[in-house]
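One letter stands for each residue in the lines below.
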Amino acid sequence: MNILSDAHAFAVVGVIALVTLALRTAPFVVLGKSAANGYLRHLGEKMPTGVMVLLVMYTLKDLDVTVHPFGLPKLVPLALAAVMYVKTDNALLSIGGGVALHMVLVNGLV
């Protein structure tokens, strides 16, 4: 059994933190001013919507509406989040509301 010393553990965490920081800042450093490129701007505008569609589809892919609770803990919060987003145009508020309702329904129905 190999036990790490505290100094070695802190060194490992430090290296992991530095690599994570470098990976997160690298695109901004490498691309710099070229981020004004039309294709990159298009991706920046369209990717959030595409990612959200993929997440919703992944959430609903195994949904079984034939057994109790008939998909309600997923479908009702999804509808609420969609309505909240249309009414408020605030993604954070609508996602938070949908997640909160999902937690209430999961803990109350299942």
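Look up: the structure comes first, before these words.
All values reported here derive from a predicted model rather than from experimental measurement.

In this section: the environment of Phe10. One can find Phe10 in helix α1 (residues 6-31). Looking at Phe10, the relative accessible area reads 65%, which means it is exposed.

Next up on the list: the environment of Pro69. By the secondary structure assignment, Pro69 is in the loop between α2 (38-60) and α3 (72-88). For Pro69, a relative accessible area of 17% gives the class buried. Taking C-alpha positions, Pro69 is 9.3 Å from Val106, a pair spaced 37 residues apart along the chain.

With that out of the way, let us pick up α1. Relative to the 38 Å expected for 26 residues at 1.5 Å per residue, α1 spans 38 Å between its end C-alpha atoms, a close match to the ideal helical length. When the local axis directions of α1 are compared, the greatest deviation, roughly 40°, occurs at Thr25, which is followed within four positions by the proline Pro27.

Together, Met47, Val51, Met52, Leu55, Ile95, Val99 and Met103 line one region of the surface with nonpolar side chains, adding up to about 610 Å² of accessible area. Listed by contribution, the elements that provide at least two residues to the nonpolar patch are α2 and α4 (91-109). No other element matches α2, which puts four residues into the nonpolar patch. Locating Val99 in the fold gives a position in helix α4. Classification of Val99 by relative accessible area gives partly exposed; the value is 46%.

Definitions and cut-offs
- Counting restarts for each chain, with residues numbered from 1 along the sequence as it is written.
- The model is predicted, so local features are restricted to residues of pLDDT at least 70 and side-chain atom pairs to those at 80 or more, both for listing and for counting; the totals for chains, interfaces and linings are taken over all residues.
- The side-chain numbers reported here are obtained from all heavy atoms of the structure, hydrogens and water having been left aside.
- A run of H or I in DSSP counts as a helix once it spans at least four residues, and a run of E counts as a strand once it spans at least two, with each numbered from the N terminus.
- Accessibility here uses a 1.4 Å probe with only protein chains present; expressed as a share of the type maximum, an area under 20% marks a residue as buried, one over 50% as exposed, and anything in between as partly exposed.
- Expected helix span is given by 1.5 Å per residue-to-residue step, counting one fewer step than there are residues.
- The term bend refers to the angle at a residue between two fitted axes, each drawn through seven residues, those ending there and those starting there.
- Patch rule: a residue counts if its relative accessible area is over 30% and it has no salt bridge; like charges are joined within 9 Å, and nonpolar side chains (Val, Leu, Ile, Met, Phe, Trp, Tyr) within 5 Å.
- In short, Shrake-Rupley with a 1.4 Å probe defines the accessible areas, and a residue's cover is counted only from the protein chains shown.
- Take a side-chain nitrogen of Lys or Arg and a carboxyl oxygen of Asp or Glu: if they are within 4 Å of each other, that pair is a salt bridge.

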